[in-house]
Amino acid sequence: MSLAEKICLSAAFLFFMTGLITGIWKYRHMARSENATAPVYVDIAHRSSLLYSFAALLLTAFSAHSVFAGWVNTIAALAALVFFALAIATYVIHGLLQDTDNQLRRPHRLGKRLLPAWVTGLFMTLLIAGEVGGALVLGTGAMLGVWSS
């Protein structure tokens, strides 16, 4: 198993466990709520963790079939997975702080602090580049490997 595959599979496990644990957190909120709901970002943290766990499995499969050099696959995997993890962490933080129901609404908040607009814009640009770029490299390498034989 390549390093990229090991990293992707490890991330899948970590994200899946995060999804299960945030599911407990979500349930506890729902059980105590009059309308049986959890705060928005508790729900988002739960769902996104589960979705990212399966996305990491997909990247594992792409890594396994990619024709690119191991170091290219590893960097591509890390680019996507680090931003998956940062997105989940952001949702968990907003869930803990219960400071917003829309992290992209201006002014951008983190707890009681206001963030400069450029911080969120820059983070989202880097997230898009990392997630889409990493997945594109691994997927392209896999498609070249699958369809060239």
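Quick notes on the rules
- Residues numbered from 1 in each chain as written.
- Predicted model: local features only at pLDDT ≥ 70, side-chain atom pairs only at ≥ 80, totals over all residues.
- Heavy atoms only, no water.
- Core = buried A, V, L, I, M, F, W, Y, C linked by side-chain atoms within 4.5 Å.
- Buried < 20%, exposed > 50% of the residue type's maximum accessible area, 1.4 Å probe, protein only.
- Helix = DSSP H or I, 4+ residues; strand = E, 2+ residues; numbered from the N terminus.
- Contact = heavy atoms within 4.5 Å.
- 1 Å grid on protein atoms, 1.4 Å probe; cavity = no way out; pocket = protein on both sides within 12 Å on 5 of 7 lines; lining within 4 Å.
- Points joined across faces, edges and corners; volume = space filled by probe spheres on them.
- Nonpolar A, V, L, I, M, F, W, Y, C, P; charged D, E, K, R; others polar.
- Lys, Arg positive; Asp, Glu negative; His and termini not counted.
- Salt bridge = Lys/Arg side-chain N within 4 Å of Asp/Glu carboxyl O.

Quick notes on the nonpolar core
Phe 15, Tyr 52, Ala 56, Leu 59, Ala 77, Leu 81 and Phe 84 are the most contacted members of the largest nonpolar core, which totals 21 residues. Broken down by secondary-structure element, the contributors of at least two residues to this core are α1 (3-32), α2 (40-65), α3 (70-97) and α4 (117-147). Among the elements that take part in this core, α3 stands out by supplying nine residues, more than any other. Here Phe 84 is in contact with Phe 15, Tyr 52, Ala 55, Ala 56, Leu 59 and Glu 131, once residues within four sequence places are set aside.

Topic: the layout of surface pockets
In this structure, the largest pocket occupies an estimated 250 Å³ of space. In this structure, the largest pocket is lined by 13 residues; those nearest its centre are Thr 90, His 94, Gln 103, Leu 115 and Thr 120. For the lining of the largest pocket, the elements supplying multiple residues, two or more each, are α3, β1 (108-110) and α4. Broken down by element, the residue count for the lining of the largest pocket peaks at four residues, all from α4. Taken together, the residues of the lining of the largest pocket break down into seven nonpolar, five polar and one charged.

Brief notes about the side chain of Glu 131
Tracing the backbone through its elements, the reader meets Glu 131 in helix α4. One buried charged residue, Glu 131, remains without a salt bridge, the closest side chain of opposite sign being Arg 47 at 17 Å.

Some details on the pattern of salt bridges
Once their charged atoms are close, side chains differing in charge can pair, the charge on each being opposite to the other. Under the defined criterion, the tally for this structure stands at three salt bridges. A salt bridge links Asp 101 to Arg 105; the shortest N-O distance between them is 2.8 Å. A residue is classified by how much of its surface remains accessible, and Asp 101, at 44% relative accessible area, is partly exposed. The class for Arg 105 is partly exposed, based on a relative accessible area of 43%. Members of the salt-bridge network, linked through shared partners, are Lys 26, Asp 43 and Arg 47.

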